[in-house]
Amino acid sequence: MPQTPGIHHVTAVASDPSRNYAFYTETLGLRLVKQSVNQDDVSVYHLFYADHEGSPGTSMTFFPYTDARPGQVGTGQVSTVSFLVPEGSLEFWRDRLESAGANPAEPLERFGDTVLPFDDPDGLPLELVARADVPEANLPESPVPADHAIRGFAGVTLSLTSAEPTTELLEAMGYDAVGQEGTRRRYESTGELGTIVDVDEDPQAPQGLPGAGTVHHVAFEVGDDEQEAWREFLIDRGLRPTEIIDRTWFRSVYTREYGGVLFEFATKSPGYTVDEDLEELGDQLVLPEWLEDRRGEIEAGLPELSSSD
């Protein structure tokens, strides 16, 4: 059975699209690499932030509903998203986040890493994980200096009332159990980015509720010719995956795992440059070919996207 090298992207729900855009590009320094719409609800943007190319393992995406109610982070969800930064960068980030009103918490130690927790403007729990062995920065036009820039995902935390059989699924996907601290179990894959999945088991924790400030799904990277094998893999484990869906920039299979978290299995190719030149990524609204004949209607229904208040 093929195995995943790690996380491909994470998609969350936001409220104000311009506030979301400003925070992820100006404060966190990521690049808007794709400006599109939710293919299941074209009245809502789908915004993709990542490194310069939109490489798998770097892409945080959002459905910003202007009238979204706040969600509740809890079990059955990805409860935290962690980004990787160079060792020695957390003081810089703490000052930057405080200046942006993101109210970072005190740094903490976890599995030998120093971690800085904070929230985005909708209350989505985020973390910066400082490590010495990080790849080179790939955000040449970022307002954040390259010495401190986000490299991509460190990983995610799954909040579950019961860890099994989700942990068995992760191991079958290519994640090895590498440690436990309290109720948190760590699983790690062999890729370069997005290699960590922590499973936090708490039978008494409240159930998560969807809404602004919560994660919609986590996507794992799979080989371009492996999608059907992954579908069979999921079916064999009693799950109910979707058919293969063409998302233009990757092909996807979705399923809810045993604890209720929505998992996606997404291909690396063709990538975000399939319909835009590299240097023009994110500059304008891009629609799948099958939505182009509705462009006027769709553009008229979307709010203006601006980084200024």
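As annotated in an unreviewed UniProt entry, the protein is Ring-cleaving dioxygenase from Natronolimnobius baerhuensis.

A word on the overall build of the protein. The secondary structure content of the protein amounts to five helices and 16 strands. Taking 309 residues into account, the globule formula puts the C-alpha radius of gyration at 19 Å, and the protein, at 18 Å, falls close to it. C-alpha extents for the protein along the principal axes are approximately 50 × 45 × 35 Å. When burial is assessed residue by residue, the protein has 55% of its 309 residues classed as buried. For the protein, the proportion of contacts with a sequence separation of at least 24, taken over those separated by at least 6, is 67%. When the accessible surface of the protein is summed, it comes to about 13,100 Å², and 44% of that surface belongs to carbon and sulfur atoms. Of note, the protein has its 21 positive side-chain charges centred 4 Å away from the centre of its 57 negative side-chain charges.

Further remarks concern the UniProt feature "domain: VOC" (unreviewed entry) in the protein. Taken from the UniProt record, the annotation "domain: VOC" (unreviewed entry) applies to residues 6-131 and 152-268. Along residues 152-268, the helical share is 15% and the strand share 42%, with 15 Å between the first and last C-alpha atoms.

What follows is about the pattern of salt bridges. On inspection of all chains with the given rule, the structure shows 19 salt bridges. The salt bridge involving Arg19 is made with Asp122; its shortest N-O contact spans 2.9 Å. In this pair, Arg19 is assigned in helix α1 (residues 17-27) and Asp122 in the loop between β7 (113-119) and β8 (125-131), connecting sequence segments 103 residues apart. By relative accessible area, Asp122 is classed as buried at 17%. A cluster of three or more residues bridged by salt bridges with shared partners is formed by Asp113, Arg131, Arg184, Arg186, Glu188 and Asp198.

Turning next to the sheet that holds strand β4 (residues 59-64). Strands belonging to one sheet form pairs held by backbone hydrogen bonds; the direction of such a pair is parallel or antiparallel. Across the sheet, which stays open at both edges, the eight strands sit in the order β2-β3-β4-β1-β13-β16-β15-β14 with mixed pairing between neighbours. In this open sheet, the two strands that pair with only one neighbour each are β2 (31-38) and β14 (245-246). Sheet analysis places strand β13 (residues 214-222) next to strand β16 (residues 262-267), joined by five bridges and oriented parallel. Bridge assignment links Glu221 to a residue of β16, and that residue is Ala266. In this fold α1 packs onto β1 (7-14), β2, β3 (41-50) and β4, with an angle of close to 10° to the strand it touches most, β3.

Overall, mixed pairing links the eight strands, which are arranged β6-β7-β8-β5-β9-β12-β11-β10 in an open sheet. Since the sheet does not close on itself, it has two edges, and those belong to β6 (108-110) and β10 (176-181), each with one partner. Mean inter-strand twist for the sheet, computed between neighbouring axes without regard to direction, equals 30°. Taken together, the six bridges between β7 and β8 define a ladder with antiparallel strand orientation. Directly across from Phe118, in β8, lies its bridge partner Leu126.

Quick notes on the rules
Residues numbered from 1 in each chain as written. Predicted model: local features only at pLDDT ≥ 70, side-chain atom pairs only at ≥ 80, totals over all residues. Heavy atoms only, no water. Helix = DSSP H or I, 4+ residues; strand = E, 2+ residues; numbered from the N terminus. Rg over C-alpha atoms; globule rule 2.2 N^0.38 Å. Buried < 20%, exposed > 50% of the residue type's maximum accessible area, 1.4 Å probe, protein only. Contact = heavy atoms within 4.5 Å. Areas by Shrake-Rupley, 256 points an atom, 1.4 Å probe, with all protein chains shown as cover. Lys, Arg positive; Asp, Glu negative; His and termini not counted. Charge placed at Lys NZ, Arg CZ, Asp CG, Glu CD. UniProt positions renumbered as here; feature names shortened; annotations may be inferred. Salt bridge = Lys/Arg side-chain N within 4 Å of Asp/Glu carboxyl O. Pairing = 2+ DSSP bridges. Axes fitted to C-alpha atoms, helices over the stretch in contact; angles between N-to-C directions.

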